[in-house]
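# Observations on the three-dimensional arrangement
Listed below, chain by chain, are the residues.
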Amino acid sequence: MIRAVIEGIGHSVPEKKLTNEDLERLVDTSDEWIVQRTGIKERRITSPGEAASTLGIVAAQEALEESGTKPEDIQLVICGTVTGDYQFPSTSCLIQEAIGAKKAGAFDVGAACAGFIYALDVAGSMVESGRYETVLVIGVDVLTKFVDWKDRATCVLFGDGAGAVVLKGQTGTDRGLVKSLLLSDGSGAKHIHCQMGGSMFPAGSKEAEGDARRVYMNGSEVYRFAVNAMGDACCKVLEAAGMEPGDVDLFVPHQANLRIIQSAQKRLGLDDERVFINVQHYGNTSGGSIPLGLYEAQKQGRLKKGDLVLTVGFGAGLVWGANLIRW
Ligand code: UT7
């Protein structure tokens, strides 16, 4: 059986930091409120001239280097993003060109904050099928370009960031993607969206000048959904693999809100040592959140070869899902 093994990981975040104190000067909020309700202390934000590809390219190059992969050996570039540089071409094509992956196909996967979970499963399935041997998967978002900086209910939550992995097909190993679960409920599309620029409200249309321009979120609805979705996806993916929470060495959940992470931790009965949290430094980086977490966990020595890592994400769609990976 061919397994899709993660052989290298990279990351990138913008240099510019935006702290809660900076936000206090922008909107009617406080460090105390943001920390109590979300756990976030600061986030990184892109500057004019930087976009999703800016971060994605750096993360991809680091993943190639770490895995000892030549760009021309990459057969596919798959990028999980909903804040790509343009409507088209896809951001994966911009990354493919910049890193010199001359023999690769390239496409984007749009699943909001679950973008990396979805992209990794798509890539993993293609590797396991034997049709592709070496695939680059990137998760990146730059939601700070789309938030309304006058809306305190959303602008405090998001940051920009990217992570990337190189997947390689291998046999005779138990490392690699073990199981994935992808779910959706489009009836919740109304709870979190950014409508401008699509075919319903094209840029330049009257509607695109209004609220459709910015990220809209019904926070309490998304919160309720998220608490349920995180536990649901984790339990289902573990059950499908014939495993239990006790088998998990490290839990790397989507970093949207500390309270949502803690509720999933409680449901799974995991102690603090087995839960990775960096939401305090980056806020919600959407598609970048999980690969950024995996990257930092590995760098901090909390994720080692052979460990069983459980990732889970949720977001606009509504979508949710989980990947169970033998690192
Ligand atoms: O990846 C998916 C992305 N989305 C999420 O994960 C978001 C999920 N939702 C959440 O994380 C939470 O719902 C929030 C953090 C967004 C909000 O927390 P909450 O405990 O649900 O607060 P709330 O929306 O019920 O608001 C409580 C109060 C309100 O004031 P009133 O009406 O009680 O007077 C808000 O106006 O807090 C107020 N508020 C703020 N106050 C200070 C909302 N945002 C802020 C703010 N600073 N930034």
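Refer to the preceding data block for the structure.
Conventions we followed
- Residues numbered from 1 in each chain as written.
- Predicted model: local features only at pLDDT ≥ 70, side-chain atom pairs only at ≥ 80, totals over all residues.
- Heavy atoms only, no water.
- Helix = DSSP H or I, 4+ residues; strand = E, 2+ residues; numbered from the N terminus.
- Buried < 20%, exposed > 50% of the residue type's maximum accessible area, 1.4 Å probe, protein only.
- Lys, Arg positive; Asp, Glu negative; His and termini not counted.
- Salt bridge = Lys/Arg side-chain N within 4 Å of Asp/Glu carboxyl O.
- Polar contact = N/O pair within 3.5 Å; in protein donor to acceptor, adjacent residues only side chain to side chain.
- Contact = heavy atoms within 4.5 Å.
- Axes fitted to C-alpha atoms, helices over the stretch in contact; angles between N-to-C directions.
- Parallel < 35°, antiparallel > 145°, perpendicular 65-115°, else oblique.
- Left-handed = near helix turned anticlockwise from the far one by under 90°.
- Nonpolar A, V, L, I, M, F, W, Y, C, P; charged D, E, K, R; others polar.
- Pairing = 2+ DSSP bridges.

So, on to the side chain of Asp141. Topologically, Asp141 is positioned in strand E6 (residues 134-142). Lys145 provides the closest opposite charge to the buried, unpaired Asp141, separated from it by 12 Å. At a separation of 3.0 Å, a polar atom in the side chain of Asp141 contacts the main-chain amide nitrogen of Val82. Of note is the side chain of Asp141, whose polar atom sits 2.5 Å from the side chain of Thr83. Sequence-distant contacts of Asp141, defined by excluding residues within four places in its chain, comprise Thr81, Val82, Thr83, Ala112, Gly159, Asp160, Gly161, Thr285, Ser286, Gly287 and Gly288.

Another point: the packing of helix H3 (residues 52-67) against helix H4 (residues 91-99). Put simply, H3 and H4 touch, their axes get as near as 9 Å, and they point 50 degrees apart. Relative to H4, H3 is oriented oblique. The two elements H3 and H4 cross, and the hand of that crossing is right-handed. Together, Ala52, Ser53, Gly56, Ile57, Ala60, Gln61 and Leu64 of H3 and Thr91, Leu94, Ile95, Ala98 and Ile99 of H4 make up the contact between the two elements. Classifying every residue of the contact of H3 with H4 by side-chain character gives eight nonpolar, four polar and no charged.

All right, on to the sheet that holds strand E13 (residues 319-326) then. An order of E8-E13-E12-E11 is seen for the four strands of this open sheet, with the pairing classed as mixed. What marks the edges here is a single partner per strand, and that holds for strand E8 (176-184) and strand E11 (250-253). Each strand of the sheet is rotated relative to its neighbour by a mean of 10 degrees, with strand direction disregarded. Bridge analysis of E8 against E13 gives eight bridges, and the strand direction is antiparallel. Note on E13: the bridge partner recorded for Leu182 is Gly321. Packed on one face of the sheet, helix H7 (residues 219-240) meets E8, E11, strand E12 (308-315) and E13 and runs near 145 degrees to E12. Across the sheet, helix H8 (residues 258-268) is in contact with E11 and E12; its angle to E11 comes to roughly 145 degrees.

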